Amino acid sequence: MSEAVEGPRGQYHPLKDERPEHAFLDALERGRLHHAWMLTGPEGLGKATFAYRAARRLLGAQPDAGRGLLGSDPDDRVSRLIEQDAHPDLLVLERRVEAGKTRKNISVEEARALPEFFSKSPSMAAWRVAIVDTADDLNINSANALLKTLEEPPERGVLFLVTHSPARLLVTIRSRCRRLAFRPWSMDEVADVVERRLTLPPGDARALALMSGGSPGRALKLADQGALEIDATARALVLGDAPDEAEMLRFADTLRGGEGQARLNLLLERLAQAVSERAEVERPEAWGELWDRLMRIPGEAANLNLDRADVLFSILADIRKARA
């Protein structure tokens, strides 16, 4: 029995939505397999898991019907090689960890490895497969390097692009891919998963489900990020009695370090939701202007490398102005 591997590389359970697997298998069995597949939908729906399931099938892992349409035997040699990132016919592009820090983008040097990889004949399997997880992490240079592979489709080669935000990709990339859309779950289905996995009260599980956009993976991630507490803080700032200054200073301290940007972005997201709700009942111009700013800030903060605490207190000043 192989040891469990974290992440989509080591997932073998059937996916809830079998439509993408039906479409992929139909193309494979009819000999009409497209060279590039764009896997779209909110984060946490199993898009990367699907990519590895499809890769195992193309690379010859022993099928296991008990694990779904694209199910494979975890103890098969091909499955083990893929788990170990050691299969010669599989290339995975993702943000690398260097010196304990995850890079912001997939570099152009990594993307340039694709043409060389696909220029070679398969060594163990009938296909060569590449997975980009995620294409959202490509910068303009690496995106253009990837485009060269799409412009010259490889023989016996298949590329899977995982994306949570397909509109952000180059039009020339999108136009050369076949899209497989992954459908969000219902709020009740997500809440049920959260309640069972985290043993949370039904009310908390429901709140996380509503924040998740129908993605059980994102709901679980939100729980880990403290989203319930952050949402309560956002609602107090916009809809109730604002927290005192000492409390906000303590919150500002939590914005430091590697997870700080994610916490700030989550606060801005929950503030935007609370502001939207308040704009529906009073002063839509003032609150609408603040909503616009909240939507712009994450990109501005990242591009300009703004101090996160300064961003927080600037937003607090804008909230006080809108409440006045």
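Residues numbered from 1 in each chain as written. Predicted model: local features only at pLDDT ≥ 70, side-chain atom pairs only at ≥ 80, totals over all residues. Heavy atoms only, no water.

A. A look at the overall build of the chain. The number of helices and strands found in the chain is 15 helices and 7 strands. Its C-alpha atoms give the chain a radius of gyration of 22 Å, within 12% of the compact-globule value 20 Å for 324 residues. With the C-alpha coordinates of the chain rotated into their principal frame, the extents come out at 65 × 40 × 35 Å. For the chain, the proportion of its 324 residues judged to be buried stands at 45%. Look at the contacts in the chain between residues 6 or more apart in sequence, and 70% of them connect residues 24 or more apart. Looking at the chain as shown, the accessible area adds up to about 16600 Å², and 48% of this sits on carbon and sulfur atoms. Taken as two groups, the 46 positive and 51 negative side-chain charges of the chain have centres that lie 4 Å from each other. (Helix = DSSP H or I, 4+ residues; strand = E, 2+ residues; numbered from the N terminus. Rg over C-alpha atoms; globule rule 2.2 N^0.38 Å. Buried < 20%, exposed > 50% of the residue type's maximum accessible area, 1.4 Å probe, protein only. Contact = heavy atoms within 4.5 Å. Areas by Shrake-Rupley, 256 points an atom, 1.4 Å probe, with all protein chains shown as cover. Lys, Arg positive; Asp, Glu negative; His and termini not counted. Charge placed at Lys NZ, Arg CZ, Asp CG, Glu CD.)

B. Just the pattern of salt bridges, in detail. On inspection of all chains with the given rule, the structure shows 23 salt bridges. Aspartate 188 serves as the salt-bridge partner of arginine 206, at 2.5 Å between the closest nitrogen and oxygen. Note that arginine 206 is positioned in helix α9 (residues 202–212) and aspartate 188 in helix α8 (residues 187–198), a separation of 18 residues in sequence. By relative accessible area, aspartate 188 is classed as exposed at 55%. Among the salt bridges present, the one from aspartate 253 reaches arginine 256, with a minimum N-O distance of 3.6 Å. Taking the relative accessible area as the measure of exposure, arginine 256 reaches 61% and is therefore exposed. What emerges from the salt-bridge pattern is a single network uniting Arg218, Asp231, Arg235, Glu269, Arg270 and Glu277. (Salt bridge = Lys/Arg side-chain N within 4 Å of Asp/Glu carboxyl O.)

C. Molecular detail of the packing of helix α11 (residues 227–239) against helix α13 (residues 260–279). Packing of α11 against α13 brings their axes to within 8 Å, and their N-to-C directions diverge by 45°. Looking at the two axes, α11 sits oblique to α13. Relative to α13, α11 is oriented so that their crossing is right-handed. For the pair α11 and α13, the contacting residues are Ala227, Ile230, Asp231, Ala234, Arg235, Leu237, Val238 and Leu239 in the first and Arg263, Leu266, Leu267, Arg270, Leu271, Gln273, Ala274, Val275, Glu277 and Arg278 in the second. Class assignment of the residues belonging to the contact of α11 with α13 gives a composition of 11 nonpolar, 1 polar and 6 charged. (Axes fitted to C-alpha atoms, helices over the stretch in contact; angles between N-to-C directions. Parallel < 35°, antiparallel > 145°, perpendicular 65-115°, else oblique. Left-handed = near helix turned anticlockwise from the far one by under 90°. Nonpolar A, V, L, I, M, F, W, Y, C, P; charged D, E, K, R; others polar.)

D. Representation of the side chain of threonine 134 within the structure. In this fold, threonine 134 is placed in the loop between β5 (128–133) and α6 (140–151). If we ignore the near neighbours within four places in the chain, the residues touching threonine 134 are Ile106, Val162 and His164.

E. Quick look at the packing of helix α12 (residues 245–253) against helix α15 (residues 308–323). One can describe the packing of α12 onto α15 by two numbers: an axis separation of 9 Å at closest approach and a directional angle of 145°. Considering the relative orientation of α12 and α15, their crossing is right-handed. Listed contacts from α15 to Met248, Leu249, Phe251 and Ala252 of α12 are Ala309, Leu312, Phe313 and Leu316. Looking at side-chain class alone, the contact of α12 with α15 contains 8 nonpolar, no polar and no charged residues.

F. View of the pairing of strand β1 (residues 36–40). Counting buried positions along β1 yields 5 of 5 residues, so the element is predominantly enclosed. In this sheet, strand β6 (residues 157–163) lies alongside β1 in parallel orientation, the contact comprising 5 bridges. Counterpart to methionine 38 in the pairing with β6 is leucine 161. Taken together, the 4 bridges between β1 and strand β7 (residues 178–181) define a ladder with parallel strand orientation. Bridge pairing in β7 places leucine 39 opposite leucine 180. (Pairing = 2+ DSSP bridges.)

G. Representation of the nonpolar core in the model. Counting residues in hydrophobic clusters, the biggest one holds 37 residues, and the most contacted among them are Val238, Leu271, Leu294 and Leu312. Those elements giving two or more residues to this core turn out to be α8, α9, α10 (216–224), α11, α12, α13, α14 (284–304) and α15. Of the residues forming this core, the biggest block, 8 residues, is contributed by α13. In contact with leucine 294, other than residues within four places in its own chain, are Leu268, Leu271, Ala272, Val275 and Ile315. (Core = buried A, V, L, I, M, F, W, Y, C linked by side-chain atoms within 4.5 Å.)

H. Seen up close, the sheet that holds β5. Spatially, 5 strands are ordered β2-β5-β6-β1-β7 in an open sheet, and the strand pairing comes out parallel. Strands with a single pairing partner mark the edges of an open sheet, and in this sheet they are β2 (90–93) and β7. For this sheet the average axis-to-axis angle between neighbouring strands, irrespective of direction, equals 20°. Summarising the sheet, β5 and β6 pair through 6 bridges and their orientation is parallel. Bridging across to β6, aspartate 133 finds its partner in valine 162. Strands β1, β6 and β7 of the sheet are contacted by helix α1 (residues 19–29), whose axis makes an angle of about 150° with β7.

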